[in-house]
Amino acid sequence: MRFCLLVLILIASFSGISQEIKKKHLGTYSGEIPSYALELGEEVFQVQTAAIEIQLNAEGILIEKIATKELKGTYQFLKEDKNAIYFEGKLDGQFIPESYILYKKDKRLERKGIYPQPDAFLKKI
């Protein structure tokens, strides 16, 4: 009986430690990825500006729409400080997780671009 109570208390304490993104910060963020140059060998391609939309759901689901392409995946809370929430998203079909910073006061999301893609700033809509 005491052992079961001890196990129950331990499980409850670990679930209380886990953090998540608060509901008021969830939703849809929209912005643009700036144009950039992509060098492949001796050729240089100019990539045009693209619209981006990121949707964060309470279930830990992340939906990223770039132009007409839509990718789904999950996000994982990393840390939180006074001004920002740091998390990363693992999209289906990608091996490298994407990093995000959610600025609380501005309701602005920064998507750290994977090289050579530049960072994108999105506003909550």
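So, here is what we can say about the structure in this document. Note that this is a predicted model, so its numbers are computed, not measured.

What counts, and where the lines are drawn
Residues numbered from 1 in each chain as written. Predicted model: local features only at pLDDT ≥ 70, side-chain atom pairs only at ≥ 80, totals over all residues. Heavy atoms only, no water. Pairing = 2+ DSSP bridges. Helix = DSSP H or I, 4+ residues; strand = E, 2+ residues; numbered from the N terminus. Buried < 20%, exposed > 50% of the residue type's maximum accessible area, 1.4 Å probe, protein only. Contact = heavy atoms within 4.5 Å. Polar contact = N/O pair within 3.5 Å; in protein donor to acceptor, adjacent residues only side chain to side chain. 1 Å grid on protein atoms, 1.4 Å probe; cavity = no way out; pocket = protein on both sides within 12 Å on 5 of 7 lines; lining within 4 Å. Points joined across faces, edges and corners; volume = space filled by probe spheres on them. Nonpolar A, V, L, I, M, F, W, Y, C, P; charged D, E, K, R; others polar. Patch = residues over 30% accessible without salt bridge, like charges linked within 9 Å, V, L, I, M, F, W, Y side chains within 5 Å. Areas by Shrake-Rupley, 256 points an atom, 1.4 Å probe, with all protein chains shown as cover. Salt bridge = Lys/Arg side-chain N within 4 Å of Asp/Glu carboxyl O. Axes fitted to C-alpha atoms, helices over the stretch in contact; angles between N-to-C directions. Core = buried A, V, L, I, M, F, W, Y, C linked by side-chain atoms within 4.5 Å.

1. Some thoughts on the pairing of strand E3 (residues 43-47)
Of the strand pairs in this sheet, strand E2 (residues 36-40) and E3 are connected by five bridges, and their pairing is antiparallel. Paired with Tyr-36 across the strands is Val-47, a residue of E3. Count of turn residues in the E2/E3 antiparallel hairpin: two residues, of which Gly-41 carries a positive phi of about 70°.

2. Some thoughts on the environment of Arg-111
Within the secondary structure, Arg-111 is located in strand E9 (residues 108-112). According to the relative accessible area criterion, Arg-111 is buried, its value standing at 2%. With 10 residues separating them in the primary sequence, Arg-111 and Ile-101 have C-alpha atoms 6.7 Å apart. Contact partners of Arg-111, with chain neighbours within four places excluded, come to Ile-33, Ile-52, Ile-54, Glu-64, Ile-66, Glu-98, Ser-99, Tyr-100, Gln-117, Asp-119, Ala-120 and Leu-122. Reaching out from Arg-111, the side chain makes a polar contact with the side chain of Gln-117 at a distance of 2.7 Å.

3. Focus on the side chain of Glu-110
Summarising the element assignment, Glu-110 is placed in strand E9. In this structure the side chain of Glu-110 is engaged in a polar contact, spanning 2.7 Å, whose partner is the side chain of Tyr-103.

4. Some thoughts on the layout of surface pockets
The calculated volume of the largest pocket comes to roughly 330 Å³. Around the largest pocket, the lining is made up of 17 residues, and of these Ile-66, Gln-94, Glu-98, Arg-111 and Gln-117 lie nearest the centre. For the lining of the largest pocket, the secondary structure elements donating two or more residues are E2, strand E5 (61-66) and strand E6 (69-80). Per-element accounting of the lining of the largest pocket gives the leading share, three residues, to E5. Class assignment of the residues belonging to the lining of the largest pocket gives a composition of 10 nonpolar, two polar and five charged.

5. Notes on a nonpolar patch on the surface
On the surface, a nonpolar cluster with roughly 350 Å² of combined accessible area is contributed by Phe-95, Ile-96 and Ile-114. Among the secondary structure elements, Ile-96 is positioned in the loop between strand E7 (84-91) and strand E8 (98-103).

6. Notes on the side chain of Thr-28
Note that Thr-28 resides in strand E1 (residues 27-33). Take Thr-28: its relative accessible area is 17%, and that puts it in the buried class. In this view, Thr-28 contacts Glu-53, Ile-54, Gln-55, Lys-123, Lys-124 and Ile-125; residues no more than four positions away in its chain are not counted.

7. Points about the sheet that holds E8
What the eight strands build is a closed barrel, ordered E1-E4-E5-E6-E7-E8-E9-E10; its pairing is antiparallel. Here the strands of the sheet are splayed against their neighbours by 30° on average, with no regard to which way each runs.

8. Topic: the nonpolar core
Counting 19 residues, the largest nonpolar core has Ile-21, Ile-54, Leu-56, Leu-62, Phe-87 and Leu-109 as the members making the most contacts within it. Among the elements of the structure, E1, strand E4 (50-56), E6, E7, E8 and strand E10 (120-124) are those that each provide at least two residues to this core. Not counting residues within four places of it along the chain, the set of residues in contact with Leu-56 comprises His-25, Leu-26, Gly-27, Tyr-29, Ile-61, Leu-62, Tyr-75 and Phe-87.

Any functional reading would require information that these geometric values do not contain.
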